[in-house]
Amino acid sequence: MPGDLQQILDQLASRAQSRKRDFRLTASKLKAMKRQQADQLVEELHEKAFQTISCLDCANCCKTLGPRLTVKDMERMASSLKMKAADFTEHYLRTDEDGDLVFKNMPCPFLMPDNQCMVYNSRPRACREYPHTDQKNIKSILPLCIKNTETCPVVYQILEQLTKMQAAQRK
């Protein structure tokens, strides 16, 4: 991982916490926009952010967040590993306090040392969609985006850019 990215990750959660109030204000202004306009703006910032930050350099989500797995996710992953679903569940999963299937341990058991995913083509839906900033109707998941600023430098960068854009408009 590039040294400057490691520094960013080391400070990300505390920086995101300190900016939470600003990000909430930014989100409330984004909610006032038309849906398509908000989606387009965030998607453009998403594309721009991913030009500077690579998931393969970071993998912070795979190291720190446990995705909720659906039964389909579990079955697809088990199949790709040529395991029976019951064996896969017993070996890798547990049921959390909300009744959701999650990995027993973090970092993700399928994260390899080079930050590649061992089961990339059959990874859970939550992993496929993360960090969610290219989804349609972004306004419906803004609280999740704000939470994800603590884990994902791309999401932090997007919210930071939106905040700066809104500040520039006020001037």
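Check the entry above for the structure.
Rules used in this analysis
- Residues numbered from 1 in each chain as written.
- Predicted model: local features only at pLDDT ≥ 70, side-chain atom pairs only at ≥ 80, totals over all residues.
- Heavy atoms only, no water.
- Phe/Tyr/Trp six-rings, centres within 6.5 Å; stacked < 30°, edge-to-face > 60°.
- Helix = DSSP H or I, 4+ residues; strand = E, 2+ residues; numbered from the N terminus.
- Buried < 20%, exposed > 50% of the residue type's maximum accessible area, 1.4 Å probe, protein only.
- Lys NZ or Arg CZ within 6 Å of the ring centre and 35° of its normal.
- Core = buried A, V, L, I, M, F, W, Y, C linked by side-chain atoms within 4.5 Å.
- Contact = heavy atoms within 4.5 Å.
- Salt bridge = Lys/Arg side-chain N within 4 Å of Asp/Glu carboxyl O.
- Axes fitted to C-alpha atoms, helices over the stretch in contact; angles between N-to-C directions.
- Parallel < 35°, antiparallel > 145°, perpendicular 65-115°, else oblique.
- Left-handed = near helix turned anticlockwise from the far one by under 90°.

**Student:** Before we go on, may I ask you to explain the packing of aromatic side chains in this structure?
**Tutor:** Each aromatic ring pair is described using two quantities: the centre-to-centre distance and the angle formed by the ring planes. For the structure shown, the criterion picks out five aromatic pairs. Consider the rings of F88 and F110, whose centres lie 6.1 Å apart with planes at 5°: the pair is stacked. One end of the pair, F88, is in helix α6 (residues 85–92); the other, F110, is in the loop between β2 (101–103) and α7 (125–129), and 22 residues separate them in sequence. Exposure class is identical for F88 and F110. Each is buried. Each ring, one from Y92 and one from F110, has its centre 4.7 Å from the other, and the planes form 45°; the classification is tilted. Taken as a pair, Y92 in helix α6 and F110 in the loop between β2 and α7 lie far apart in primary sequence, 18 residues in all. Accessibility assignment for this pair places Y92 and F110 in one class, buried. One aromatic cluster is present, built from ring pairs that chain together F88, Y92, F103 and F110. Positioned above the aromatic ring of Y120, the side-chain terminus of R123 is 3.8 Å from the ring centre.

**Student:** What is the right way to look at the nonpolar core in this model?
**Tutor:** Counting residues in hydrophobic clusters, the biggest one holds 28 residues, and the most contacted among them are L30, I138, I158 and L162. If you list the elements that add at least two residues to this core, you get α1 (3–31), α2 (35–52), α8 (142–148) and α9 (153–170). Among the elements that make up this core, the one with the highest residue count is α1 (seven residues). With near-sequence residues (within four places) excluded, L162 lies in contact with T26, L30, L41, V42 and L45. Counting residues in each nonpolar core, the second largest holds 14 residues, with M77, Y92, L101 and L111 among its members.

**Student:** Would you mind showing me how to read unusual backbone geometry here?
**Tutor:** Keep in mind that most residues, glycine aside, have a negative phi and that most peptide bonds are trans. Cis geometry marks the peptide bond from M106 to P107; its omega dihedral reads 5°. Residue P131 is reached from Y130 by a cis peptide bond, and omega for that bond is 10°. In this model, N137 sits at a positive phi of 55°, which is unusual for a non-glycine residue. Structurally, N137 is set in the loop between α7 and α8.

**Student:** Where do I start with the pattern of salt bridges in this structure?
**Tutor:** Oppositely charged side chains may form a pair once their charged atoms are brought near each other. All told, the structure shown has eight salt bridges when counted by the stated rule. With a shortest N-O distance of 3.7 Å, D39 and R35 are connected by a salt bridge. Of this pair, D39 and R35 both sit in helix α2, separated by four residues, roughly a single helical turn. Taking relative accessible area as the criterion, D39 reaches 6% and is therefore assigned buried. On the basis of relative accessibility, which here comes to 44%, the residue R35 falls in the partly exposed class. With a shortest N-O distance of 3.2 Å, E150 and K147 are connected by a salt bridge. For K147, a relative accessible area of 47% corresponds to the partly exposed category. Each of R19, D22 and E160 takes part in salt bridges that share partners, so that together they form one network.

**Student:** How do you make sense of the packing of α2 against α9 when you look at a structure like this?
**Tutor:** How two helices pack is summed up by the angle between their axes together with the distance between the axes. Between α2 and α9, the least distance of the axes is 9 Å, while the angle of their chain directions is 125°. Here α9 runs oblique to α2, going by the angle between their axes. The two elements α2 and α9 cross, and the hand of that crossing is right-handed. Here L41, V42, L45, H46, K48, A49, F50 and T52 of α2 come into contact with α9, specifically with V154, Q157, I158, Q161, L162 and M165.

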